[in-house]
Amino acid sequence: MTTAGSPPMPLIPPATRAPLVAVARAIFPALIHLEVQGLENVPPTGPLIVAFNHLSHLDPPLVVVTTPRELECIALADLAHVPVTGRLLKSYGVIWVRRDEMDRN
């Protein structure tokens, strides 16, 4: 169920999630030097919350591709209407949130 004007929330992970992550995992190391620390602290199973502040649009995908577990992600609903970013986020299957509004869905 969605509210008027809000993008639908995915019920199951989209089939495009794994290929998107695989492509990003192949591309990022070729483009940037990336050093990840602390992965030994990520439990292999069970509940996990990964919360971070990001300074650029690349930070969220970098967290997704460097975390050794599949992550459910949230994104600002306004980003659904940005041409490239919106398509990538929809393909990943993010949960859309509206700033300053309560959504029981």
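Anything mentioned here points back to the structure above.
Rules behind the numbers
Residues numbered from 1 in each chain as written. Predicted model: local features only at pLDDT ≥ 70, side-chain atom pairs only at ≥ 80, totals over all residues. Heavy atoms only, no water. Helix = DSSP H or I, 4+ residues; strand = E, 2+ residues; numbered from the N terminus. Polar contact = N/O pair within 3.5 Å; in protein donor to acceptor, adjacent residues only side chain to side chain. Contact = heavy atoms within 4.5 Å. Expected span 1.5 Å × (residues − 1). Buried < 20%, exposed > 50% of the residue type's maximum accessible area, 1.4 Å probe, protein only. Arc of directions from axis to C-beta. Axes fitted to C-alpha atoms, helices over the stretch in contact; angles between N-to-C directions. Parallel < 35°, antiparallel > 145°, perpendicular 65-115°, else oblique. Nonpolar A, V, L, I, M, F, W, Y, C, P; charged D, E, K, R; others polar. Salt bridge = Lys/Arg side-chain N within 4 Å of Asp/Glu carboxyl O. Phe/Tyr/Trp six-rings, centres within 6.5 Å; stacked < 30°, edge-to-face > 60°. Lys NZ or Arg CZ within 6 Å of the ring centre and 35° of its normal.

## Description of the side chain of Arg 17
Structurally, Arg 17 can be placed in helix H1 (residues 17-31). A polar atom in the side chain of Arg 17 sits 3.0 Å from the side chain of Glu 72. Setting aside its immediate chain neighbours within four residues, Arg 17 contacts Glu 70, Leu 71, Glu 72, Ser 91, Tyr 92 and Gly 93.

## Things to note about H1
Over its 15 residues, H1 runs 21 Å from end to end, which matches the ideal 21 Å to within 8%, given 1.5 Å per residue. Burial in H1 covers these residues: Arg 17, Val 21, Ala 24 and Phe 28. Looking down the long axis of H1, one finds its buried residues gathered within 60° of arc, a one-sided arrangement. Those residues of H1 that are exposed and aimed more than 90 degrees away from the buried face are Ala 18, Ala 26 and Ala 30.

## Quick look at the packing of H1 against helix H3 (residues 83-92)
Their axes nearest at 8 Å, the elements H1 and H3 cross at an angle of 120°. Taken as axis vectors, H1 and H3 run oblique relative to one another. Residues Arg 17, Leu 20 and Val 21 of H1 touch H3, and the partners they reach there are Leu 88, Ser 91 and Tyr 92. Among the residues forming the contact of H1 with H3, the class breakdown is 4 nonpolar, 1 polar and 1 charged.

## Let's talk about the pattern of salt bridges
Within the structure shown, the criterion is met by 2 salt bridges. Taking the shortest distance from any N to any O, the salt bridge between Arg 17 and Glu 70 comes out at 3.0 Å. Here Arg 17, found in helix H1, pairs with Glu 70, found in the loop between helix H2 (59-66) and strand S1 (74-76); they are 53 residues apart in sequence, far enough to count as distant. For Glu 72, the salt bridge is made with Arg 17, and the minimal N-O distance between the two is 3.0 Å. On the criterion of sequence distance, the pair formed by Glu 72 in the loop between H2 and S1 and Arg 17 in helix H1 is long-range, its members being 55 residues apart. When salt bridges that share partners are traced, they join Arg 17, Glu 70 and Glu 72 into one network.

## So, the packing of H1 against H2
Orientation of H1 relative to H2, taken along the N-to-C sense of each, is 100°, at an axis distance of 9 Å. One finds that H1 runs roughly perpendicular with respect to H2. Contacts from Val 21, Ala 24, Arg 25 and Phe 28 in H1 reach Pro 61, Leu 62, Val 64 and Val 65 in H2.

## Focus on the packing of aromatic side chains
To describe a pair of aromatic rings, you give the distance between the ring centres and the angle between the ring planes. Enumeration according to the criterion identifies 0 aromatic pairs in this entry. Just above the ring of Tyr 92 sits the side chain of Arg 17; from NZ or CZ to the centre is 4.2 Å.

## Regarding the environment of Pro 44
Within the fold, Pro 44 resides in the loop between H1 and H2. Taking the C-alpha atoms as reference, Pro 44 lies 7.3 Å from Arg 69; in sequence the two are 25 residues apart.

Function cannot be inferred from these measures alone, as they are strictly geometric.
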